[in-house]
Amino acid sequence: MDSQKEALQRIISTLANKNDEIQNFIDTLNHTLKGVQENSSNILSELDEEFDSLYSILDEVKESMVNSIKQEQARKSQELQTESCSVTQARVQWCLWIQVILLPQPPGKLGLQSQISQCNNALENSEELLEFATRSLDIKEPEEFSKAARQIKDRVTMASAFRLSLKPKVSDNMTHLMVDFSQERQMLQTLKFLPVPKAPEIDPVECLVADNSVTVAWRMPEEDNKIDHFILEHRKTNFDGLPRVKDERCWEIIDNIKGTEYTLSGLKFDSKYMNFRVRACNKAVAGEYSDPVTLETKALNFNLDNSSSHLNLKVEDTCVEWDPTGGKGQESKIKGKENKGSVHVTSLKKHTRSGTPSPKRTSVGSRPPAVRGSRDRFTGESYTVLGDTAIESGQHYWEVKAQKDCKSYSVGVAYKTLGKFDQLGKTNTSWCIHVNNWLQNTFAAKHNNKVKALDVTVPEKIGVFCDFDGGQLSFYDANSKQLLYSFKTKFTQPLLPGFMVWCGGLSLSTGMQVPSAVRTLQKSENGMTGSASSLNNVVTQ
């Protein structure tokens, strides 16, 4: 019968697991379908934007080229007009020389228009006039004729019009029109989609979890020079193995990672694990996600136990503050309400025949309200509060920071059996370091009502390292990681973080891994004497 029950139980468990797998698969399909719809819409939108951008570039190039052609046209027209004016002036000058040589009337006695007109006529009939001048020259001696002819030749050849080149300097070719679009046309015809990047591969061996930081490393399955950047996603979880589609926390995204490694620092490890996945992106599209990797990020997380604190302590999660009116104020309120209730009941007795108060009235006066004054875990001068999580094994670390004006406080650990009147360090079930800033400044380690003065400066923040299995409790300067003091003993019961505060306040930082510097120091400090030997010869308080 028992074997049948066990077999049936295994079958039920298998069916439940299969049901979870099927549900997970359906959720994955729905998520993928939603992703396909969103990605296709995004790709169409991006494609329209790319082509609009390409059209805009072509329009800009066209406008630039049109402006260049118009500018060259204007420049060449201007040069041709200038050259035409130069030729016209040379022609006028030439005609004036012809007039001087051939016409009997001096040019100075005529107007400019008349001179130009006569010069044009003279130029048209220059051959006849030259022949007429040769015949009419009254030069009888050959030497005088040669001299006159030489003077005319020299004066004409020295004129700028005579040396003017009659070939245009500007051609009718438009250099900016010489554009070959064949290569661009071929490139546009071969335009195609970029391939979707393949999924990267996260290497768990190369990933590192230390000092509340996580370094994730990955690689591409094959080289891809089109990759522009990577997107890393992470989330905290308390489930081991593959991440679930429906988890209690959403993925957090880190975009635009240029390398194949990324470090998340300053984390609070308030969960047992973290899931990681990464995808590659080119200029057009993001690729598939890598296979997710789950890394363990276990650390001690605890809050202050409000139910265990002294009445004069105001406790909120990871903060505790001295409240001198806490207990008395609450007690006076309770007593006031109780007295009021008793008076009300007495008056009812006087007005009833049987002398028995009404049950409804009695319940109001006799039921005390659930207020903070009902706590009695610590009392007297034991201004103590404990953590709400016990330490039963392993190595753990947390940090404590005191307010600047705090007059007295202690930081340490204690067994659950710590008495309600006991103070940290004054019993054989508690270990601590104590800071006193009232009347005189002292800094000491305490255990079993023995004190060891510490000749070091009180740090701004104290780090507490507890190695339950190794029987070691060490205190550090949380900033410099300087060792302040170390107890060596054997813990026989579960430990609770313990705190005492008077006239001030403390704040905690939990969810922290043991820092690498502390681990290194612990290896070198394993030979340190323990609390029993180091505090045996100290006078008790």
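Note that the structure is predicted; figures quoted are calculated from it, not measured. (Residues numbered from 1 in each chain as written. Predicted model: local features only at pLDDT ≥ 70, side-chain atom pairs only at ≥ 80, totals over all residues. Heavy atoms only, no water.)

Visitor: A description of the side chain of Ser 382 should follow, citing residues and the corresponding values.
Guide: Note on placement: Ser 382 falls in the loop between helix H8 (359-366) and strand E11 (384-386). Residue classification places Ser 382 among the buried positions, given a relative accessible area of 0%. Excluding residues that lie within four positions of it along the chain, Ser 382 makes contacts with His 310, Lys 420, Phe 421, Asp 422 and Gln 423. (Helix = DSSP H or I, 4+ residues; strand = E, 2+ residues; numbered from the N terminus. Buried < 20%, exposed > 50% of the residue type's maximum accessible area, 1.4 Å probe, protein only. Contact = heavy atoms within 4.5 Å.)

Visitor: For the environment of Lys 298, give the residues involved together with the corresponding values.
Guide: Relative to the elements of secondary structure, Lys 298 occurs in the loop between strand E8 (293-296) and strand E9 (313-316). Given a relative accessible area of 57%, Lys 298 falls into the exposed group. Residues in contact with Lys 298, not counting those within four places in the same chain, are Ser 271, Lys 272 and Gln 513.

Visitor: Give me the lowdown on the layout of surface pockets, citing residues and values where you can.
Guide: The space that makes up the second largest pocket amounts to roughly 460 Å³. Surrounding the second largest pocket, 18 residues form its lining, Ser 408, Gln 423, His 434, Asn 436 and Met 500 being those nearest its centre. Going through the elements one at a time, strand E13 (408-415), strand E14 (430-438), strand E15 (440-447) and strand E20 (495-502) are the ones with two or more residues in the lining of the second largest pocket. Considering only residue class, the lining of the second largest pocket consists of seven nonpolar, eight polar and three charged. (1 Å grid on protein atoms, 1.4 Å probe; cavity = no way out; pocket = protein on both sides within 12 Å on 5 of 7 lines; lining within 4 Å. Points joined across faces, edges and corners; volume = space filled by probe spheres on them. Nonpolar A, V, L, I, M, F, W, Y, C, P; charged D, E, K, R; others polar.)

Visitor: Residue-level account of the nonpolar core, with values.
Guide: Grouped together as the largest cluster of nonpolar side chains are 47 residues, with contacts concentrated most on Trp 398, Leu 473, Phe 475, Leu 495 and Phe 499. In contact with Leu 495, other than residues within four places in its own chain, are Thr 389, Ala 390, Ile 391, Val 413, Ala 414, Tyr 415, Trp 431, Cys 466 and Phe 468. If you look at the next biggest cluster of nonpolar residues, it comprises 20 residues, including Ile 202, Ile 227, Ile 257 and Phe 276. (Core = buried A, V, L, I, M, F, W, Y, C linked by side-chain atoms within 4.5 Å.)

Visitor: I'd like a description of the pattern of salt bridges, backed by residues and values.
Guide: Scanning all chains against the criterion turns up 13 salt bridges. Glu 72 is the salt-bridge partner of Lys 76, the closest N and O atoms lying 3.7 Å from each other. Of this pair, Lys 76 and Glu 72 both sit in helix H1 (residues 2-102), separated by four residues, roughly a single helical turn. Classification of Glu 72 by relative accessible area gives buried; the value is 4%. The shortest N-O distance in the salt bridge between Asp 203 and Arg 219 comes to 3.4 Å. Highlighted residues: Asp 203 in the loop between strand E1 (201-202) and strand E2 (208-210) and Arg 219 in strand E3 (residues 213-219), separated in sequence by 16 residues. Residue Asp 203 is classed as buried on the basis of its relative accessible area of 18%. One connected set of salt bridges, linked through shared partners, spans Glu 72, Arg 75, Lys 76 and Glu 79. (Salt bridge = Lys/Arg side-chain N within 4 Å of Asp/Glu carboxyl O.)

Fair warning: the whole summary comes from geometry, so function is off the table for now.
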